[in-house]
Amino acid sequence: FNEITCFLTQYLEGKFCLTGGSRTINGFFETKKMLVVDLKIRKVGVFDSDCLFLFNTIGEYCLARKTERELGTNRDKWEQALERAEWTE
């Protein structure tokens, strides 16, 4: 689950989220966000697709490293993170 905002300026800004589930209640889609990485980078490249590809690659890499650092392969840490996560729209 990624949120990307393209400003008319020279920056891209967004959130990369590790979700622990999703549901629909009364027509609203909700997710359990276990970890979130906020990212803002300067636009680079000639085409918009260049900077979006780079932005997505960097964001996913940062989320993967954060997940590895904070949760690792420890099942108990994963279960605790899932229990702490709240449902958000």
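Since the structure is predicted, the reported quantities are computational estimates derived from the model, not experimental observations.

Reading guide: rules and limits
Here the residue numbers are simple positions, counted from 1 along each chain's written sequence. For this predicted model, a pLDDT threshold of at least 70 governs which residues receive local features, and a threshold of 80 or more governs which side-chain atom pairs are given and counted, while totals over whole chains, interfaces and linings are taken from all residues. To obtain the side-chain values, all non-hydrogen atoms of the structure were used and water was disregarded. Patch building starts from residues that exceed 30% relative accessible area and form no salt bridge, then joins like charges within 9 Å and nonpolar side chains (Val, Leu, Ile, Met, Phe, Trp, Tyr) within 5 Å. With residues, only the protein chains shown are counted as cover, and all accessible areas are computed by Shrake-Rupley using a 1.4 Å probe. One speaks of a salt bridge when a side-chain nitrogen belonging to Lys or Arg is within 4 Å of a carboxyl oxygen belonging to Asp or Glu. Numbering goes from the N terminus for both helices and strands, where a helix is a DSSP run of H or I of at least four residues and a strand is a run of E of at least two. Residue exposure (1.4 Å probe, protein chains only): buried if accessible area is under 20% of the type maximum, exposed if over 50%, otherwise partly exposed. For this analysis, a polar contact is any N or O atom pair within 3.5 Å, provided that within protein one partner can donate a hydrogen and the other can accept it, and provided that sequence-adjacent residues contribute only side-chain to side-chain pairs. Residues count as neighbours in contact if any of their non-hydrogen atoms are within 4.5 Å of one another.

J.: Go over a nonpolar patch on the surface with me, naming the residues and quoting the values.
T.: Together, Val44, Leu54 and Ile58 line one region of the surface with nonpolar side chains, adding up to about 190 Å² of accessible area. Turning to its location among the elements, Leu54 is positioned in helix H1 (residues 48-70).

J.: Describe the environment of Lys15, with residues and values.
T.: Relative to the helices and strands, Lys15 is located in strand E2 (residues 11-25). Between the C-alpha atom of Lys15 and that of Val36, which follows or precedes it by 21 residues, the distance is 6.6 Å.

J.: Lay out the pattern of salt bridges with the relevant residues and their values.
T.: Enumeration according to the criterion identifies 4 salt bridges in this entry. Its salt-bridge partner being Arg23, residue Glu30 comes within 2.8 Å of it at the nearest N-O pair. Judged by its relative accessible area of 31%, Arg23 is partly exposed.

J.: Can you explain the side chain of Thr67? Please cite residues and give values.
T.: Secondary-structure assignment places Thr67 in helix H1. For Thr67, a relative accessible area of 12% gives the class buried. Within the structure, Thr67 has its side chain in polar contact with the backbone oxygen of Leu63 (distance 2.8 Å). For Thr67, the residues in contact, after removing those within four places along its chain, are Leu18, Leu35, Gly72 and Trp78.

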